[in-house]
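Inside the fold
The primary structure of each chain is shown beneath.
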Amino acid sequence: MPTNMSIDSDANDLSRDATNEADTTSQLDDAVQTSRLAEPASGSSRDRESRVSQVESPAQARERLQDTGFSTQSVHAGEKRQKAEGSISAPIFTASTFTFESTDSLMRFVDGKEERDEYGRYGTPNERTCEAKLAALEGAEEAIIYSSGMAAIVGLLMSRLSAGDEIVFFDQCYHRSREFCSKHLSRFGVVTRQVPTGDFDAMEAAINSNTKMLVSESPTNPHLTAVDLEKFVALGKSTEVETLIDATLATPFNLRPIEYGVDFVLHSATKYLGGHNDLLAGVLCGRKEALEPVRSLRGILGSVNSAHNMYLLERGLKTFELRMQRHNENGQRIAEFLDQHPRVERVYYPGLASHPTHEIADSQMAGFGGLITFLVKDADWKETSRIVDAAKIPRIAPSLGGVESLIEQPLVMSYYHCSPQEREQFGIYDNMIRMSCGIENADDLIADLRQALDAR
Ligand SMILES: Cc1ncc(COP(=O)(O)O)c(C=O)c1O
């Protein structure tokens, strides 16, 4: 509109000043001529851009964005430069199946001469965009998206392990991952061995000729223990055993396991990657060749996503760096506040010097995220629940990594059905609270926690 208005007023000026008409016309001719001369022989630059971008491969897209910053990657990586109908946002392809123009074109596909979509269980355009974006953010050759973080863990382990194989894992971890390994893999003849988190001597002692994978989180949920990735990878390489890090709590913004040589990196994308508490997804990153059989099994397991879900993930990823900066900032400030509060017995946060693995975390991580676990001094489970209930901003819910702060008492939320002995073994105490700091203002969250802790 403003452009048209200025053209109109220019035109009026021209008609008013007839003496200048010839000069102006020749200036316009010159301008047109100059721009024609500037055009390449094959067409306008806009045509050329659209033709090039329509056929841009993921590798070309990667090259185009090479050496760009983290946020530039999270906004642009994996996306076609020119999308359908010129839309700037991702079109949502809801198709469950993809059509072939002719038997010839089908044969080109089955002969591997043409890469394209076939059937939704094997992958979809929206899923592929997210996979390329996440691979770029992780610095990995390839990423595979699953319907949840647990589906990603199950998908990887089912693909890599057979009866008689063994895995060794550090014992502090998301309780459902532990449950899958100890209760379910065993039914398929896979032996799982748990060793204390960070005890590399114990991990080495547990490795034998059947061991196929070393598994750890970093930092761990809910104790926020950072695992020394140099030692983890060195042990895997010296024993020729593959390594898996679940870096959900760190995210690729704070930790780069692939750069340490970890074979597989896993995230529950439900958490910080999606970031808005409105989707479930998981992602597995690693080398292309190692992930090929894993992708193939996913196509059979069917743990895939709807296009709408993938649109939400793609959209969430656009603001990933900004959100992580705020999560890191809020996590650090709130952990420092809790550390100084007289009603708090202990704070588990890797950004605090008092955390046993602070030095490891500090050397490996760019920031420490928004998850904080703490113990209330001299409080039984009821007194602890009262503090959770008194908080007015965070909502009581499982999960973490979203823009809304969440708070919970692990005893009641996730470990209610465990025996006291099991809870003791997993380090879950009656007076433990876990808080996922969202992106609200830290001052508000601190004031809210202060009133909740001070309420009697
Ligand atoms: C560290 C970690 N890994 C994996 C998962 C499983 O992810 P999802 O809930 O997306 O299946 C969770 C869930 O809380 C988690 O905290």
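Across the sheet, seven strands lie side by side as 1-7-6-5-4-2-3; this open sheet has mixed pairing. Because the sheet does not close on itself, it has two edges, and the strands there are strand 1 (142-146) and strand 3 (191-195). Between one strand axis and the next, the sheet turns through 20 degrees on average, direction left out of account. The pairing of strand 2 (residues 166-170) with strand 4 (residues 211-217) spans four bridges and is parallel. Residue pairing for strand 4: Ile167 is matched across the bridge by Met213. Together, strand 1, strand 4, strand 5 (242-246), strand 6 (264-268) and strand 7 (282-286) form the strand contacts of helix 8 (residues 149-160), whose direction differs from that of strand 7 by roughly 45 degrees.

Mean pLDDT over the chain stands at 90; residues scoring 70 or higher make up 87%. Here residues 1-25 is a poorly scored stretch, pLDDT under 50, and it has two contacts once near neighbours within four places are set aside; other chains count. Note that pLDDT drops below 50 for residues 31-43; the model gives that stretch five contacts with residues more than four away or on any other chain.

Attention now moves to the packing of helix 7 (residues 125-138) against helix 15 (residues 307-318). Where helix 7 contacts helix 15, the two axes come as close as 8 Å, and the packing angle between them is 30 degrees. Overall, the two elements helix 7 and helix 15 adopt an arrangement that is roughly parallel. Crossing of helix 7 against helix 15: the hand is left-handed. Residues Asn126, Glu127, Thr129, Cys130 and Lys133 of helix 7 pack against Ala307, Met310, Tyr311, Leu313, Glu314 and Leu317 of helix 15. In terms of residue class, the contact of helix 7 with helix 15 is made up of six nonpolar, two polar and three charged.

This next bit is on unusual backbone geometry. The residue after Ser218, namely Pro219, is reached through a cis peptide bond having omega -15 degrees. The omega torsion of the bond from Asn221 to Pro222 falls at 5 degrees, within 30 degrees of zero and hence cis. Phi at Glu85 is positive, roughly 60 degrees, even though this residue is not glycine. Here Glu85 shows up in the loop between helix 5 (70-76) and helix 6 (103-110). One non-glycine residue, Asp378, lies in the positive phi region at around 50 degrees.

Conventions used here
- Residues numbered from 1 in each chain as written.
- Predicted model: local features only at pLDDT ≥ 70, side-chain atom pairs only at ≥ 80, totals over all residues.
- Pairing = 2+ DSSP bridges.
- Helix = DSSP H or I, 4+ residues; strand = E, 2+ residues; numbered from the N terminus.
- Axes fitted to C-alpha atoms, helices over the stretch in contact; angles between N-to-C directions.
- Contact = placed C-beta atoms within 7 Å.
- pLDDT = per-residue confidence, 0-100.
- Parallel < 35°, antiparallel > 145°, perpendicular 65-115°, else oblique.
- Left-handed = near helix turned anticlockwise from the far one by under 90°.
- Nonpolar A, V, L, I, M, F, W, Y, C, P; charged D, E, K, R; others polar.

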